[in-house]
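So you can see what is in the structure, the chains are spelled out below.
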Amino acid sequence: MLQEKYYPNKEFAKQARIKNMCEYQELMDWAKEDYEGFWDHWAKEKIDWIEPYDKILDESDAPFYKWFVGGKLNVTQQCIDRHIDVRKNKAAIIFEGDRGDRQIITYLRLYREVNRMANLLRNEFGVKKGDRVVLYMPMIPEAAYAMLACARIGAIHSVVFGGFSAEALRDRIQDAEAKVIITADGAYRKGAPYMLKPVVDLALEEGCPSVEKVLVVQRNFEDVIWIGGRDYSYNEMIESQPDTCEPEVMDSEDPLFLLYTSGSTGKPKGVQHSQAGYILWAQMTMEWVFDVKENDTYWCTADIGWITGHTYIVYGPLAAGATTVMFEGVPTYPDAGRAWKMVQELRINQFYTAPTAIRVLHKMGEHEPEKYDLSSLKVLGTVGEPIDPPAWKWYYDVVGGGKCAIVDTWWQTETGGHMISPLPGATPVKPACATFPLPGIMAEVLERDGTPVAPGEQGLLCITRPWPSMIRTIWGDPERFKKSYFGDVVKEGQPVYFSGDGAVVDEEGYITITGRVDDVINVSGHRMGTAEIESAIKKHPHVAEVAVVGRPDPIKGESIFAYIVLKDDVADSLGEEVELTKEINEVIAREIGNIAKADAIVVVPGLPKTRSGKVMRRILRAIAKGEEIKQDISTLEDPSIVEKIQEAVRCAGC
Ligand code: WT7
């Protein structure tokens, strides 16, 4: 049976950049017939080059693809300078603080702030092209200034999400060998101050010899420790900086930023993005997928610590000359109407958030949106995890009033920008379906041997041609880059990019993402490696073995379920499992951060292992779900362990 389809709003479609499926198909056909010509056209039309490139795509060292080879540009000219002539007094960033304070940052002011910060980094701290700068920042305008200031002078930024612990921050500082850290004393959340600087202090306590300076933005003016010669106040230093700064001339392929993300091993990967290809696709998808127009106000609720914050709060909107809203707080404070109140007051036209947030807002206030005037909304976006049909329907009917396009955008840290998504004026959508690849993106659902799966069958979601905004390498580990993304699926003798996600294509070519097929779990849109959480838990002195799996969760999408085997000498004496659970979550919070805390921790007598010692996670996933075990367990070293684990889960009440 064919699923129900929702067609684009006719009035909207008329004015959209891509107006119907014929136009979509024409673009796609063009890309298929003349791939390089397609990208050449857009690169020339969209980017303000300092010097033109002499080769569109270099595939000679695959999978280390190079785009727009030899071209020179500076991403901040694309995002700021070129707008000064035409929209200097337009709001570039509208900032709303947790407590309701607002700032309007015009393009001219953005230009001045970014240049001043760039001068500070270059002239006072000696930051040079290619140096790494780690940002550990709250959601305040200075976070965007800092990213752009780095880009201005050719430094490579690595933003670390503010919810990561000191240990996790230290790992990332060390891996990137950062010279400078930019942070804030703290910021505000749910009406109260919280702190970041003390976490930086802890991270730098040992093993970070590369770090020379720490720049501290004073946001909440709470007391922090200042270490002489290392820590500097941004607020004090910035006043005296000149507000023009010569942009560094960057090569298309110079790294723009690193962003660490989880994979299937314990060590996070420093995903490296380039200058030209990244900014081109950030801008194009901003225009195609959100269809942002000159007078629109666009709001993405992500945190700048994730790729969504990079591409769709900072780089994409600014490259497109849009007005981007930056919000310090949470959409549920002071109540479930906060987000809708902001939409009403700021007349938001495009709203982009995660399924988890939609489910929370739905649960907290099913009819809350009806109390506000949301008539300004045109496009509603979702990202980060599969959205379920009930959440989709609520978003469509109640938030969008049945007249907004919903763009379910599938992409990843590694893809730099949207890959599979409806086009708001063109694509007839099916609820909870990412629909079709964007023009120029060759996405296919394949078997391992590169053959396409039959309609309705699950396969591996692959991108079979390189694209401009793709990951270039893993910082410091090119071999791992090859192995992680170009090792699993081979099409016509050529390894192709495999995303780690499973997907299904229906008879009409609609692609639905089914979720990760590797050992990565997705909790509230946060991507986490089970191996990373397991190695954190192993640091608890009583833990002998551990296996972590994801369990479906009605709000978070997935939650973390940990099976623990205790060391022999503590196994009997330990009656206090509640204490142990608490302690293990403390270890996780210390090693990774609160976002990785487990919802269920169960002590079991052993793990289900094959004779070769491999843990059968499928069985653990089924037990966590409370499912009957239907698979063959006779290959297990000790088949009786399954029942014992089930018993332990039952006793623990999980
Ligand atoms: C993983 C990437 C892309 C920005 C946020 C997350 C999942 C992402 C969707 C979607 C179903 C999705 C995938 C992907 N994912 N968007 N629309 N439908 N799943 O970036 O942390 O790199 O995570 O998020 O599993 O692989 P990320």
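Structure report, in brief. If you're wondering where the values come from, they're calculated on a predicted model, not measured in any experiment.

1. Examining the site of the ligand
In the vicinity of the ligand there are 17 residues, among which D408, T409, T413, D501 and R527 approach most closely. Between the ligand and P386 there is a distance of 3.5 Å, counted from a nitrogen atom to a backbone nitrogen or oxygen. Note that an oxygen atom of the ligand is positioned 2.5 Å from one of the side-chain N or O atoms of D501. Elements supplying a minimum of two residues to the shell around the ligand: helix 11 (307-319), strand 20 (405-409) and strand 27 (511-516). Considered class by class, the residues forming the shell around the ligand number six nonpolar, six polar and five charged.

2. Focus on the environment of W475
Looking at where W475 falls in the secondary structure, it is placed in the loop between strand 23 (473-474) and helix 15 (478-486). Residues W475 and P355, 120 residues apart in the sequence, show an inter-C-alpha distance of 30 Å. Among residues more than four places away in sequence, those in contact with W475 are R132, I156, D175, A176, L258, Y260, G270 and Q272. From its side chain, W475 meets the backbone oxygen of D175 in a polar contact 3.3 Å long.

3. Here we look at the packing of aromatic side chains
Counted according to the given criterion, the structure contains 43 aromatic pairs. Ring centres of F164 and W306 lie 6.0 Å apart, and the angle between their planes is 65°; this geometry places the pair in the edge-to-face category. On the criterion of sequence distance, the pair formed by F164 in the loop between strand 7 (156-159) and helix 7 (166-176) and W306 in the loop between strand 16 (297-300) and helix 11 is long-range, its members being 142 residues apart. Assigned by exposure class, F164 and W306 land together as buried. The ring of Y188 is capped by R99, whose NZ or CZ atom sits 3.6 Å from the centre of that ring.

4. Overview of the environment of K625
Structurally, K625 can be placed in helix 19 (residues 617-625). A relative accessible area of 46% means that K625 is categorised as partly exposed. Put simply, K625 and D553 are 72 residues apart on the chain and 9.7 Å apart in space, counted from C-alpha to C-alpha. With near-sequence residues (within four places) excluded, K625 lies in contact with R551 and P552.

5. Some thoughts on the sheet that holds strand 8 (residues 180-184)
Reading across from one edge, 12-11-8-6-7-14-15-23 is the order of the eight strands in this open sheet, with mixed pairing throughout. For this open sheet the edge positions go to strand 12 (231-233) and strand 23, each flanked by a neighbour on one side alone.

6. Side note on the packing of helix 4 (residues 75-87) against helix 5 (residues 107-124)
Contact pair helix 4 / helix 5: the axes reach a minimum separation of 9 Å and the direction vectors enclose 145°. Here the hand of the crossing between helix 4 and helix 5 comes out left-handed. Mapping the contact onto sequence places C79, I80, D81, H83, I84 and R87 in helix 4 and Y107, L108, L110, Y111 and V114 in helix 5. Class assignment of the residues belonging to the contact of helix 4 with helix 5 gives a composition of eight nonpolar, one polar and two charged.

7. Let's talk about unusual backbone geometry
Residues A62 and P63 are joined by a peptide bond in cis, for which omega reads 5°. Residue Y333 is joined to P334 through a cis peptide bond whose omega torsion reads 0°. Along the polypeptide, P334 turns up in the loop between strand 17 (323-327) and helix 12 (338-346). One non-glycine residue with positive phi stands out, namely E177, at about 50°. For E177, the location among the structural elements is in the loop between helix 7 and strand 8. At R347, a position not held by glycine, the phi torsion is positive, near 50°. For R347, a relative accessible area of 59% puts it in the exposed group.

About the criteria used
Residues numbered from 1 in each chain as written. Predicted model: local features only at pLDDT ≥ 70, side-chain atom pairs only at ≥ 80, totals over all residues. Heavy atoms only, no water. Near = heavy atom within 4 Å. Polar contact = N/O pair within 3.5 Å; in protein donor to acceptor, adjacent residues only side chain to side chain. Helix = DSSP H or I, 4+ residues; strand = E, 2+ residues; numbered from the N terminus. Nonpolar A, V, L, I, M, F, W, Y, C, P; charged D, E, K, R; others polar. Contact = heavy atoms within 4.5 Å. Phe/Tyr/Trp six-rings, centres within 6.5 Å; stacked < 30°, edge-to-face > 60°. Buried < 20%, exposed > 50% of the residue type's maximum accessible area, 1.4 Å probe, protein only. Lys NZ or Arg CZ within 6 Å of the ring centre and 35° of its normal. Pairing = 2+ DSSP bridges. Axes fitted to C-alpha atoms, helices over the stretch in contact; angles between N-to-C directions. Left-handed = near helix turned anticlockwise from the far one by under 90°.

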